[in-house]
Amino acid sequence: MAELASARTLQHTRHGRVALDLGTARTRALTSSGVAIADRPSAVVASPPVADVADPVRPIRHGMIADPGACLRLVRLVLRDVQTAGDRSMEQVVVGVPVAASPSDRRAVRTAVSEAAGCGVTLVEEPLAAAVGVGLDVTGSRPFLLLDVGAGIVEAVAIRDGAISDAVAIQLGATTSAGLLPYVLDGVVDMTAALLRRLPAQLRVAARAHGLTVTGGGALQAQLLSRLDTVLRMPVSTPPEPQHVTVRGLMRLCLQPALAAGLAARGR
C-alpha cells in the first residue's frame, strides 16, 4: 500500500510540472509525464478578429514578449497541447528567458505564464537550460562556452559555477530556411570570438580545451559550424536535435527543483 501511495504521489508530481520554451518562431513544451514535445509555431489569430487580415499575430520578437495579450493566448494553447485528460492541475512551470531579457521582459513572461497556468513560475536563462539539456556540468568550476542560435536572438555565453559569467547577443531581424543570412553569420562568429578573447588567460585555455557547444535550431546550419571551427580554432560540437535541448533542459530542472531554484536565483 505504501508503494502504491508513493507511485500516486510521484504521478501527481510529474503531471504537475511543465517545461516551456517560448521562442520567436516556435514554442515548445513538455511535461514530465509526457513522452513527446509539444511544438507549435509562435503565432495566434488576432483577437478580436480583424476583417481582411489573414496574417497571424506573432507575440514573441527577439525571444521576448512583444504582445502580452497574444502571448497569453499562445501559452494557453501550448499548455493545452501537453495536458491529457488524466492530468491534474499544474503545480509549477519552468520557463526559459534570454540572458538579454530586461527585468520588465522577465516580469512580462512571469505574468503571462502564471496567468495561463495558474501556478508558480520559475525563470531560467535559456543558455543555462540548454547546457543542462546537453548534459554539461553547469555547476562545475571549469568554464565552457555555449552558443544558442534561435530564430530571433543569438546568445553566446561563458558558463561557470552555475552561472553565466559573461554573455553577448545579436537580435535577428530575419532568418531564412537555410539559416542565418551571410552578414549575420559573420557577426555571430565575430561575437563568439570576442567573448572567448574576453576570458582571463587561464580560463580561456580551459574553455578552449572544453570546446564550444552550439544549440538551437540554427545549430543545424553547417556553414555556421564550419566558420566557427575555422575562426575559433577549438572543438565545435552540436547535440542531436539541438532545437529541443532547451526544453529538455528545462524539464530536467523541473525534476531537480533545488538546482532550478539555484540557477534561477543567480540569473536574476
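Predicted model, so just to flag it, every value in this text is computed and none were measured.

A. Structural detail: the nonpolar core. By size, the foremost hydrophobic cluster in this structure holds 30 residues, and its most contacted members are L20, L22, V75, V93, V95, V109 and V113. Among the elements of the structure, β1 (17–22), α2 (68–82), β6 (92–97), α3 (103–117) and β7 (120–125) are those that each provide at least two residues to this core. Considering each element in turn, this core owes the most residues, eight residues, to α2. Among residues more than four places away in sequence, those in contact with V75 are L20, L22, V113 and A116. Counting residues in hydrophobic clusters, the runner-up holds 27 residues, among them A129, L136, I159 and V247.

B. Quick peek at unusual backbone geometry. With a phi close to 55°, H62 is a non-glycine residue in the positive phi region. Tracing the backbone shows H62 in the loop between β4 (60–61) and β5 (64–65).

C. Focus on the sheet that holds β7. The sheet built from five strands is open, its strands ordered β3-β2-β1-β6-β7 with mixed pairing. Among the strands making up the open sheet, the edge pair consists of β3 (38–41) and β7. Geometrically, the sheet is characterised by an average inter-axis angle of 20° between neighbouring strands, direction not taken into account. Pairing between β1 and strand β2 (residues 26–31): five bridges, direction antiparallel.

D. View of the packing of α2 against α3. The contact between α2 and α3 brings their axes to 9 Å, and the two run at 45°. As far as their axial angle goes, α3 and α2 are oblique. Both α2 and α3 take part in a crossing whose hand is right-handed. Side by side, α2 and α3 meet where C71, L72, V75, R76 and L79 of the first sit next to A112, V113, E115, A116 and A117 of the second. Residue classes in the contact of α2 with α3 are distributed as eight nonpolar, no polar and two charged.

E. Representation of the pairing of β2. Buried residues dominate β2, accounting for five of its six residues. Taking the residues between adjacent antiparallel strands as the criterion, β1 and β2 are bridged by three residues. Across four bridges, the pairing between β2 and β3 is antiparallel. Considered in β3, the bridge of T27 is made with R40.

F. Geometry of the pairing of β6. Counting buried positions over the six residues of β6 gives six, a clear majority of the element. Both faces of β6 are covered, namely the face carrying Q92, V94 and G96 and the face carrying V93, V95 and V97. Bridge count for β6 against β7 is six bridges, and the pairing is parallel. Counted as the bridge partner of V93 is V121 from β7. A crossover connection joins β6 to the parallel β7 through α3; in handedness this β-α-β unit is right-handed.

G. The arrangement of α3 in detail. The end-to-end C-alpha separation of α3 is 21 Å, in line with the 21 Å expected for 15 residues at 1.5 Å each. One or two positions beyond α3, positive phi appears at G118, with a value near 70°.

H. Representation of the packing of helix α4 (residues 126–134) against helix α8 (residues 245–254) in the model. Packing of α4 against α8 brings their axes to within 7 Å, and their N-to-C directions diverge by 85°. As summarised for this structure, α4 and α8 are arranged roughly perpendicular, according to the angle between their axes. Listed contacts from α8 to E126, A129, A130, V132, G133 and V134 of α4 are V245, T246, R248, G249, L250, R252 and L253. Its residues assigned to classes, the contact of α4 with α8 comprises seven nonpolar, three polar and three charged.

I. Summary view of the confidence of the model for the chain. Per-residue confidence for the chain gives a mean pLDDT of 88; residues scoring 70 or more make up 87%. Helix α1 (residues 2–15) is the least confidently modelled element of the chain, averaging 38 in pLDDT, while strand β11 (residues 212–215) averages 98, the highest of any element. This stretch, residues 1–14, has a pLDDT under 50; its non-local contacts, to residues over four places away or in other chains, come to six contacts.

What counts and how
- Throughout this description, residue numbers start from 1 for each chain and increase along the sequence as written.
- With pLDDT at 70 or above as the cut-off, local features in this predicted model cover only qualifying residues; side-chain atom pairs require 80 or more to be listed or tallied, and sums for whole chains, interfaces and linings still use all residues.
- Derived side-chain values reflect all non-hydrogen atoms in the structure, with water molecules and hydrogen atoms excluded from consideration.
- What is meant by a nonpolar core is a set of buried Ala, Val, Leu, Ile, Met, Phe, Trp, Tyr and Cys residues, joined one to another through side-chain atoms within 4.5 Å.
- The buried label goes to any residue with under 20% of its type's maximum accessible area, the exposed label to any with over 50%, and the partly exposed label to all in between, with areas taken from a 1.4 Å probe on protein chains only.
- Elements are defined by DSSP. Helices are runs of H or I of four residues or more, strands are runs of E of two residues or more, and each kind is numbered from the N terminus.
- We call two residues in contact when some of their heavy atoms are within 4.5 Å.
- What makes two strands pair is DSSP finding at least two bridges between them.
- Note on geometry: axes are C-alpha line fits, over the in-contact stretch for helices, and angles between N-to-C directions span 0 to 180 degrees.
- Note on terminology: angles under 35 degrees are roughly parallel, angles over 145 are roughly antiparallel, angles of 65 to 115 are roughly perpendicular, and the others are oblique.
- Crossing handedness is defined as follows: a turn of the near helix away from the far one that is anticlockwise and smaller than a right angle gives a left-handed crossing, while the clockwise case is right-handed.
- Polarity classes work like this: nonpolar for Ala, Val, Leu, Ile, Met, Phe, Trp, Tyr, Cys and Pro, charged for Asp, Glu, Lys and Arg, and polar for all others, with Gly in that last group.
- Handedness is read with the strands pointing away from the viewer; a crossover is right-handed when the path from the first strand over the helix to the second is clockwise.
- Helix span is expected to be 1.5 Å times the residue number reduced by one.
- The pLDDT value tells you how sure the predictor is about a given residue, anywhere from 0 up to 100.

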